[in-house]
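# Residue-level structure breakdown
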Amino acid sequence: MNLYILNLDKGDLDRIHDPAFSAKKRIVYSEDQVNKAIFRTSQEEANEEAGILASERRDMSTLLTGGAGK
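## Remarks on the layout of surface pockets
Considered as a void within the structure, the largest pocket measures approximately 290 Å³ in volume. Partitioning the lining of the largest pocket into residue classes produces 3 nonpolar, 2 polar and 4 charged.

Right under this line is the structure:
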């Protein structure tokens with residue numbers, strides 16, 4: 001997976017379809033870094049999520065509910 005940095009204040013989003021446009025590539029080395037870059041979770045949130053996933057039973061369905069956003 002490649003991640004790129006766009007500067008919205010400098011109009012990168014408007015120029016993204018221009019063939020001459022080149023976004024700055026963001027280098028990540030692990031899935032954890034990708035998740036932090038995309039979802040920006042705090043360490044406390046990451047620990048809570050890890051605890052929930054660790055206690056999940058693989059032989060049963062799971063229903064998750066919640067509101068959108070933070």
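## Quick word on a nonpolar patch on the surface
Where nonpolar side chains cluster on the molecular surface, the patch consists of Leu 6, Leu 8, Leu 13 and Ile 16 and spans about 360 Å² of accessible area. With respect to the helices, strands and loops of the structure, Leu 6 is situated in the loop between β1 (3–5) and α1 (12–15).

## A short note on the environment of Lys 24
Take Lys 24: it is sitting in strand β2 (residues 24–26). The sequence separation of Lys 24 and Ile 5 amounts to 19 residues, and the corresponding C-alpha distance is 5.4 Å. Ignoring sequence-local partners within four residues, the contact set of Lys 24 consists of Leu 3, Tyr 4 and Ile 5.

Procedures and definitions
- Residues numbered from 1 in each chain as written.
- Predicted model: local features only at pLDDT ≥ 70, side-chain atom pairs only at ≥ 80, totals over all residues.
- Heavy atoms only, no water.
- 1 Å grid on protein atoms, 1.4 Å probe; cavity = no way out; pocket = protein on both sides within 12 Å on 5 of 7 lines; lining within 4 Å.
- Points joined across faces, edges and corners; volume = space filled by probe spheres on them.
- Nonpolar A, V, L, I, M, F, W, Y, C, P; charged D, E, K, R; others polar.
- Patch = residues over 30% accessible without salt bridge, like charges linked within 9 Å, V, L, I, M, F, W, Y side chains within 5 Å.
- Areas by Shrake-Rupley, 256 points an atom, 1.4 Å probe, with all protein chains shown as cover.
- Salt bridge = Lys/Arg side-chain N within 4 Å of Asp/Glu carboxyl O.
- Helix = DSSP H or I, 4+ residues; strand = E, 2+ residues; numbered from the N terminus.
- Contact = heavy atoms within 4.5 Å.

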